Amino acid sequence: MGEKITFKSYKEMPINAMSIADMTWNLTGSWRNIRPYYDFKMSPCRLGCPAMEDIQRYIFLVTEKRYEEAWGAIIENNPMPAVTGRVCFHPCMDKCTRKDFDQAINIPAIERSLGDMGLENRDWMKKVDASKKEKVAVVGSGPAGLSCAFYLARMGYQVAMFESEKALGGILRWGIPEYRLPNDVVDRVISQILGSGPITVRAETTVGRDIGLDELEKEYDAIFLGLGLMKSRSLGIEGEKGKGIEPGLEFLKKVNSGETVSPGKRAVVVGGGNTAMDVARCARRTGSDVTVVYRRTMNEMPAIKDEIEEAEKEGVHFHFLAAPKEVVRSGGKLAKVVFQEMELGEPDESGRRRPVPVEGRTFELEVDTLFTAIGEQADLTGIEKKVECEWNMIKTTGEAGETSSARIFAGGDVVTGAASVVDAVAAGRKAAGKLDRIFTSADEPAVEEPKTVGIEEINTAYFHQTKRTLVPRIPVEEALKGYLEINSGFLPEQLEAEADRCFSCGVCNFCDNCWMYCPDVAIVRLEDSYEVNYDFCKGCLVCVVECPRGCISTREEGK
Amino acid sequence: MRPAKIPTEELMTSGHLACQGCGATQAMRFALKAMGPKTALVIPACCWSVIDGPFPHTSLKVPICHTLFEAAASTASGLKAGLEMRGDTETVVMAWAGDGGTFDIGIQALSGAAERNEDIMYCCYDNEAYMNTGIQRSSATPVGAWTTTTPVAHYKKRPKKKIIDIMAAHSIPYIATASVAYPQDLIEKFRRAREIKGTRFMHVLAPCPTGWKLAPELSVAMARLAVTSRVFPLIEVTDNGSTWKVWKDFEQTPVADYMKPQGRFRHLTDKEIDSIEEEVDRNWQIMLSRERLSADLPGLER
Amino acid sequence: MRKVIMGNHAVSYGVRACDVKVLSAYPITPQTQVVELLSEMCASGEIDAKFIKVESEHSAMTACVGASAAGVRAFTATSAQGLLLMHEVLHWAVGARLPIVLANINRAVGPPWSIWTDQNDSLSQRDVGWLQIYCESNQETQDTIVQAFKIAETVKLPVMLVLDAFFLSHTFEIVDILEAKDVRKFLPPYVAETKIDVDDPHSFGNLGSPSEYFELRYMIQKAMEEARDVVKDVDIEFKEHFGRGYGVVHPYRCDGADVILVTSGTVASTTRAVIDEMRDEGIKIGSLKIRLFRPFPVEEVYEVLSKAKKVAVIDRNISFGHHGIFFQEIKSALYGRTDVPIFGYITGLGGRDVTPKVIREIADRAVSDEKQERDINWIGVKV
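Because the structure is a prediction, the values reported are computed rather than measured.

All names here are of chain A. For the pair helix α6 (residues 107–120) and helix α17 (residues 492–500), the least separation of the axes is 10 Å and the interaxial angle reads 135°. Compared by their axis directions, α6 and α17 come out oblique. Along this stretch, α6 crosses α17, giving a crossing that reads as left-handed. Here Ile110, Ser113 and Met117 of α6 come into contact with α17, specifically with Leu495, Glu498 and Ala499. Grouping the constituent residues of the contact of α6 with α17 by class yields four nonpolar, one polar and one charged.

Two faces make up the sheet, and in a regular strand the side chains alternate between them. Residue and element names in this part refer to chain B. Direction of pairing for strand β8 (residues 235–238) relative to strand β9 (residues 243–246): antiparallel, over a ladder of four bridges. If you follow valine 237 over to β9, its bridge partner there is tryptophan 244. What sits between the antiparallel neighbours β8 and β9 is a turn of four residues, in which aspartate 239 has the positive phi angle 55°.

Bringing the pattern of salt bridges into the picture now. All names here are of chain C. According to the stated counting rule, one finds 97 salt bridges over all chains in the structure shown. Between glutamate 140 and arginine 291 there is a salt bridge; the shortest N-O distance is 2.7 Å. One end of the pair, glutamate 140, is in helix α6 (residues 138–155); the other, arginine 291, is in the loop between β12 (285–290) and β13 (292–294), with 151 residues separating them in the sequence. Its relative accessible area of 2% is what places glutamate 140 among the buried residues. For arginine 291, a relative accessible area of 0% puts it in the buried group.

The next subject is the interface of chain B and chain A. Contact with chain B, which involves 45 residues of that partner, is made by 49 residues of chain A. Both faces combined, the contact of chain B with chain A buries some 3500 Å², and carbon together with sulfur accounts for 58% of it. Ranking the residues of chain B by area buried against chain A places B:Met1, B:Arg2 and B:His57 at the top, with a combined share of 21%. At the junction of chain B and chain A, the tally comes to three salt bridges.

Let us now look at the environment of A:Pro91. All names here are of chain A. Tracing the chain through its elements places proline 91 in helix α5 (residues 91–95). Given the relative accessible area of 15%, proline 91 is considered buried. The spatial distance from the C-alpha of proline 91 to the C-alpha of arginine 46 is 9.6 Å, given a sequence separation of 45 residues. With near-sequence residues (within four places) excluded, proline 91 lies in contact with Gly48 and Pro50.

How big an interface is tends to be stated in terms of accessible area lost as the parts join. Of the residues lining the interface, ten residues belong to chain A; the matching set on chain C comes to 17 residues. Across the chain A to chain C interface the summed buried area is about 1300 Å²; carbon plus sulfur atoms make up 67%. Three residues stand out in chain A for area buried against chain C, namely A:Tyr10, A:Ile15 and A:Asn16, and they jointly supply 50% of the buried area on that side. Viewed at the interface, chain C and chain A are joined by zero salt bridges. Split by residue class, the side of chain A that touches chain C holds eight nonpolar, two polar and no charged.

Turning our attention to the nonpolar core. Counting 161 residues, the largest nonpolar core has A:Tyr58, B:Trp48, B:Trp96 and B:Phe190 as the members making the most contacts within it. Looking at this core, the element that brings in the most residues is helix α15 (residues 421–440) of chain A, giving nine residues. Beyond its immediate chain neighbours, meaning those up to four positions away, A:Tyr58 contacts A:Glu53, A:Ala70, A:Ala73, A:Ile74, A:Ile107, A:Ile110, A:Glu111 and A:Leu114. The next biggest cluster of nonpolar side chains, apart from the first, holds 111 residues, and it includes C:Ala17, C:Leu37, C:Leu90 and C:Phe293.

Residue and element names in this part refer to chain A. Taken in spatial order, the five strands of this open sheet run β5-β4-β3-β6-β19, and their pairing is parallel. The open sheet terminates on both sides in strands that have one partner only, identified here as β5 (199–202) and β19 (408–410). This sheet shows a mean twist of 20° between the axes of neighbouring strands, independent of strand direction. Inspection of the sheet shows strand β6 (residues 222–225) paired to β19 by three bridges, in the parallel sense.

Cut-offs applied
Residues numbered from 1 in each chain as written. Chains lettered and ligands numbered in written order. Predicted model: local features only at pLDDT ≥ 70, side-chain atom pairs only at ≥ 80, totals over all residues. Heavy atoms only, no water. Axes fitted to C-alpha atoms, helices over the stretch in contact; angles between N-to-C directions. Helix = DSSP H or I, 4+ residues; strand = E, 2+ residues; numbered from the N terminus. Parallel < 35°, antiparallel > 145°, perpendicular 65-115°, else oblique. Left-handed = near helix turned anticlockwise from the far one by under 90°. Contact = heavy atoms within 4.5 Å. Nonpolar A, V, L, I, M, F, W, Y, C, P; charged D, E, K, R; others polar. Pairing = 2+ DSSP bridges. Salt bridge = Lys/Arg side-chain N within 4 Å of Asp/Glu carboxyl O. Buried < 20%, exposed > 50% of the residue type's maximum accessible area, 1.4 Å probe, protein only. Buried area = accessible area lost by both parts, 1.4 Å probe. Core = buried A, V, L, I, M, F, W, Y, C linked by side-chain atoms within 4.5 Å.

Shown next, in the form of structure tokens:
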């Protein structure tokens, strides 16, 4: 800081009124009555993500081409971006502020690009050695189990995974067709997770049958149950058992195992969820004429919207407001199915209007194979004795998946019913975190209501309206020929372009505006941050307005 | 360090005496980032005579020759000649004057220097009135504006003087307008001008929260809206006044969006603002027609 | 080299010898030959300077301010209205302590338009802080230009030299022309102590608060006081180099004079002829030419005039509402130190010829002590 010059005698003065010092003695901060301060918020997309992925951060890192760090930012909350980037129902996009300006950012496509990079660059995943004495058994190797195992291993705990099938992955491997999630990707994701730390696997071991929970309890300090739902729910109608009627999940498992399937000329899929869409589209790939019959309307369908659209594009027919009533066989073969017409009545507990039969209105369809996809169930054999279950699901008592049994946690579909991969990933991670706190007797982290920003806080003058970058897809005719992945992922320039669209809501991405526009040179530009120099900040608040993303808040001085 | 949007070198320090949100100060900071330390300023009476700070202090790290109100261009002419004769041919002399010192009292010296094509830069930071003396109208004050000498009952009825047209008529090698809302563009233009020999005239719109009766935090926003409403087009005039280039790559905004947040226009009715918008559109069309015309001029190498 | 040249060209030749780097001027009768010849000298390379052909005198002087701030010699010439247009800048040059040299050709100011000589233009700039030197001959004019730069650069104040329109500016006389190579020994190349310099950046002339402004003005007065000696010393040094000196005042036949006529400019020459004539007649009379007007040479004036019985001051100017300006200056210089009576005479305004007859009339009235006004006597006015 400069010093103010005062003269005691004319003899000290330059005769020609020449400056001999600067003005930095003049602390103009005293003029200020409102103080700006950096106050980063949580981007709404992150709040929309069940796994709380730091979406803004990884997109920002992509804009800086810091891909390894970007991938690392996802991995903090989700060990399988290559999976979720393909199959997630991306609630983050519904929260994206950009949708109020033009179109939401294509977050899953960015996530997938990073996930794939993480699989290509094997050195990005740094292996962690066992550093803690506690051992945890993780039952089930679907997304919940994998996630729980991964985060426990990251923290140095020893994990043993139990899986009843020969191959790991659960729903990822058996329930999602390859055109959405190639087996190769599943294999690589699992191998990356298993290779990341002290994780051992006991495949073809069904807990509850082959080994009891009691035994596990003796050997392990805790147990995580991520069993998933691997049984299709039955229709509960006459003639359901028998040829021509197949549980959707079993059909998908066959398809994913590479077995030849032939549903015949006419296939009907009953249900409106993602399994129904997967079954319908797989059936289309065998050449069948496929109709989805759903008891509500398109609006109530729980399937991902994109999946419904894709199914339509691939020629799947939809028949709404109908439910199978009766199966008619002739010569041991399925001949036709009688459907009951429905209408929507009062809303049920889910908020959706309940379908009720329209008295006397039925119709028939000629069907070679009828697939059931009205929901899945868990197989809780040997489990229910140990932990309290309800509605054929494990009952949890806390956010982290605590059950009636002290050291047994549960998460994923077996707790929530059919939900999503990302929900399962989140559940696995939360359980891992809670177990760590139990093992280390750590305090629960303080929960604070996060501040966020909306379109009002965005200075849209700094953005141009652009369309969302769409991922390249193979044509429908090609898609229908087999199980080739439809979505081929962003090209590098598309990745950059889409990442550049991000508003980075509430979080600084070093755009320089605050520093650049400060009339008082009172913002210090540092390596990875800015600081207000309150000695000189006059409190004009230009920085607050010109921050494109609402990162700077204000408060009155002296309050 | 991450590359910065604009040069990080600061030739203006904190502690200066400008008001909150001063556009003239931003303009100086950006301009000097473009010009670099081998720049000598000539500052006539204007806000910057005060902003610089009291003797024996200064807030700039380049030499400044403060001078008389009407004498920016002539003092700069002499300074440049003196430096050259002293053997310093590298330093760029830049006159830095307000709108009063440019449009009004200083226009004679400016015209003289431009006609002689003195090897100087001349930047008018335009805050559209005599702000330093307490907001009196100048010939750069826009039509419709209140000032202390054009009170609401008799607000300014005459349009702003078209200084760019005047300067273009002097056949000087480079003329540009710039806005503090677009620092990169401003810096690029000053850099371009710096490399040219002869008289270069820069016209920077510099919002004055005090004089415009504007919340200081909105000063940059106003500078931007002035451009996007076409009230203050960003243009370049080259080839000795014959080639006009108008920046059009922005989303147009209504003139009312620019005028309404400013207290100096508060008295205007919607109808009056509409008629101002018509005038703005007409001027914009004139600019575009000049651009088209210059594109069709034969015999100029571009 | 000796040449017969006009007074205006004597100015140009003086400038030619001084390593002046920047010239800036606006034409005005009767100054034009000064800048015409300088233009030619620049064009031919005889002078290595930039000549800024500005659009007004105001710009001429501000261009000199800019150039001088850059640390080089700057020169301009003007007259009457032009000098008055420069007025604001004259102040600025003083406050900025810039050693600019200006030649003013004394011309009456309008209206009505006049191009002929009187001193009101330069004398109305009395209080701006410029040194003022009134020249009498072409030789003195040329030599004073050279002296002026040396004085200005020593005391860091601008210097104005003044010569009468036509009677001097357009009168041809023999002048021993000064060459730059000879002058350089007397007046080395100018090195400014402070200047506009990107390698040592300072701000010059910004806001001065009451706590500093007063002292800055005090220093200007100190410099003016110092200039009294500097002008004398420079003149002596000049004489050592070139054999010619002019003094700050020039007493003529004042020894034993009862009456002394005080003059300036070309009137001094005419007056000397009249003095010779009257001395021949046995009248004890002499004359005192005031060459240096600012700073006013109080001691030199007192030294000469205190010995006389009467002082008669001839003014080719008038401070309306008061007296002739030289008259006031003389009176204030002698006030309280002697009771010698001082008479004031106004004559020659607007170029009216001040002939020996006019001077004789003044001298006779002064000598005879016939009934007359003590402070202001109008000579030749048609009443």
